[in-house]
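# Geometric and topological summary
These are the residues of each chain, in order.
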Amino acid sequence: MDRETLIAPSLLSADFARLADEAQRVADADWLHVDVMDAHFVPNLTLGLPVVEAIQRVSPIPLDCHLMIEAPERWAPGYAAAGARNVTVHAEACSGDPRAVARDLRAAGALAGLAIKPATPLEPYLEVLAEFDTLLVMTVEPGFGGQEFIADVLPKVRAARRLVETGHLRLFVEVDGGINDDTIEQAAEAGADVFVAGSAVYGADDPARAIAALRDRARAAAHR
Ligand code: DX5
Ligand code: ZN
């Protein structure tokens, strides 16, 4: 079965002093991944809504906002209202039923994403995922770029892909963390269709070539 392959460079590995230029450098990617960290849900602190609004104004491609923040119910809809294509909240950060956030995100015109950390199981969320558009399976502990891919989480990607293929869920299955030319093949073979890559794209001499290479490898592996 043919599925889409979306490459989403992560701005976390870009030069924060030149965000507009850095967005242009990855214009032939599919989504621009923006990591919002609040120094509470994760130890790191990055940027928030005013900066995302500014990136939205200059980005040549749709934004994929990954909110690593507490109280996502309160903040996530603002990112949808800012025009992000996809807004992902962490299941571990939701105090109530994550479906309420999904409804707010969709009502504000965005795709709704649910992220799970490496140690978070998929099963408890199977029902709520019916109201989401994206499942983000973290392939590193959230918080920092440049970490090593955790292959142990791939069974969750396989399980999600099976649920999509059998018609039980309609979701993008996104992976984030440690994605490079080698690991993208494992992730694609397991069933991921959206691939976040920070250091592998922005650390390359030619980001456009890195994106094309990642896309080719993911597509080839998805057909295996
Ligand atoms: C980590 C972030 C990732 C990060 C990935 O918490 O969610 O999006 O930028 O960076 P790499 O691709 O370098 O692992
Ligand atoms: Zn991310």
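Residues numbered from 1 in each chain as written. Chains lettered and ligands numbered in written order. Predicted model: local features only at pLDDT ≥ 70, side-chain atom pairs only at ≥ 80, totals over all residues. Heavy atoms only, no water.

## Considerations on helix H6 (residues 183–190)
Among all positions in H6, only Thr-183, Ile-184, Ala-187, Ala-188 and Ala-190 are buried. Down the axis, H6 shows its buried residues gathered within 160° of arc, on one side only. Where H6 is buried, its residues touch strand S1 (6–9), helix H5 (154–165), strand S7 (172–176), strand S8 (194–197) and helix H8 (207–222). Gly-191 occupies a position one or two residues after H6 and carries a positive phi of about 125°. (Buried < 20%, exposed > 50% of the residue type's maximum accessible area, 1.4 Å probe, protein only. Helix = DSSP H or I, 4+ residues; strand = E, 2+ residues; numbered from the N terminus. Arc of directions from axis to C-beta. Contact = heavy atoms within 4.5 Å.)

## Some words on the site of ligand 1
With respect to spatial proximity, 20 residues lie near ligand 1, and among them Ser-10, Gly-143, Asp-176, Gly-198 and Ser-199 are the closest. One of the backbone N or O atoms of Gly-146 is found 2.9 Å from an oxygen atom in ligand 1. Measuring from an oxygen atom of ligand 1, one finds a side-chain N or O atom of Asp-176 at 2.7 Å. Considering ligand 1 on its own, with 380 Å² of exposed area, one finds that the protein chains cover 100% of that surface. (Near = heavy atom within 4 Å. Polar contact = N/O pair within 3.5 Å; in protein donor to acceptor, adjacent residues only side chain to side chain. Areas by Shrake-Rupley, 256 points an atom, 1.4 Å probe, with all protein chains shown as cover.)

## Looking at the pairing of strand S6 (residues 134–138)
Burial analysis of S6 places 5 of its 5 residues in the buried class, the great majority of the element. Across the two faces of S6 the burial is the same, with Thr-134, Leu-136 and Met-138 and Leu-135 and Val-137 all buried. Two strands pair when backbone bridges link them, and strand S5 (residues 111–116) and S6 are joined in this way by 4 bridges, in the parallel orientation. By the bridge assignment for S6, Ile-116 is matched with Val-137. Sheet analysis places S6 next to S7, joined by 5 bridges and oriented parallel. The residue bridging Thr-134 from the neighbouring strand is Phe-172, located in S7. Handedness of the crossover is the feature at issue here: the chain leaves S6, passes through H5, returns alongside S7, and the resulting connection is right-handed. (Pairing = 2+ DSSP bridges. Right-handed = clockwise from strand over helix to strand, strands pointing away.)

## A short note on the sheet that holds S6
Taken together, the 8 strands give an open sheet; going across it, the order is S1-S8-S7-S6-S5-S4-S3-S2, and neighbouring strands pair in parallel fashion. Looking at the sheet topology across the chains shown, the edges are occupied by S1 and strand S2 (32–37). In this sheet, neighbouring strand axes are inclined to one another by 25° on average, regardless of whether the strands run parallel or antiparallel. Packed onto the sheet, H5 meets S5, S6 and S7 and runs at close to 165° relative to S7. (Axes fitted to C-alpha atoms, helices over the stretch in contact; angles between N-to-C directions.)

## What about the coordination of the zinc ion (ligand 2)?
Within the protein, the atoms that donate to the zinc ion (ligand 2) are His-33 (NE2), Asp-35 (OD), His-66 (ND1) and Asp-176 (OD), at distances of 2.0 to 2.3 Å. Of note is the zinc ion (ligand 2), whose 6 donor atoms meet at the metal with angles of 71 to 171° in an arrangement that counts as octahedral. In primary-sequence terms, the residues that donate to the zinc ion (ligand 2) follow H-x1-D-x30-H-x109-D. Pair noted here: His-66 is in strand S3 (residues 63–68) and Asp-176 is in strand S7, with a separation of 110 residues, a long-range link. Both residues of the pair, His-66 and Asp-176, belong to the buried class. (Donors = N, O, S within 2.8 Å, 3.2 Å for Na, K, Ca; no water. Tetrahedral: all angles 85-135°; square planar, octahedral: opposite > 155°, others 65-115°.)

## Digging into the pairing of S8
Successive side chains on a regular strand alternate, one facing one side of the sheet and the next facing the other. By the alternation rule, side chains of S8 split into Val-194 and Val-196 and Phe-195 and Ala-197, which are all buried. Across 4 bridges, S1 lies against S8 in parallel orientation. Bridging from a neighbouring strand, Ala-8 pairs with Val-196 of S8. Note: S7 against S8, 3 bridges, orientation parallel. Of the residues in S8, the one forming a bridge with Val-175 is Phe-195. Assessed by its sense of winding, the connection that carries the chain from S7 through H6 to S8 is right-handed.

## Focus: the side chain of His-33
With respect to the helices and strands, His-33 occurs in strand S2. In terms of polar contacts, His-33 uses its side chain to reach the side chain of Asp-35, at 2.9 Å. Setting aside anything within four residues of it in sequence, one finds His-33 in contact with Ala-8, Pro-9, Ser-10, Leu-11, Asp-64, His-66, Glu-174, Asp-176 and Val-196.

## Brief notes about the packing of H5 against H6
At a minimum axis separation of 8 Å, H5 and H6 run at an interaxial angle of 35°. Between H5 and H6, the contacting residues are Leu-154, Val-157, Arg-158 and Arg-161 on the first element and Gln-186, Ala-187, Glu-189 and Ala-190 on the second. Taken together, the residues that form the contact of H5 with H6 break down as 4 nonpolar, 1 polar and 3 charged. (Nonpolar A, V, L, I, M, F, W, Y, C, P; charged D, E, K, R; others polar.)

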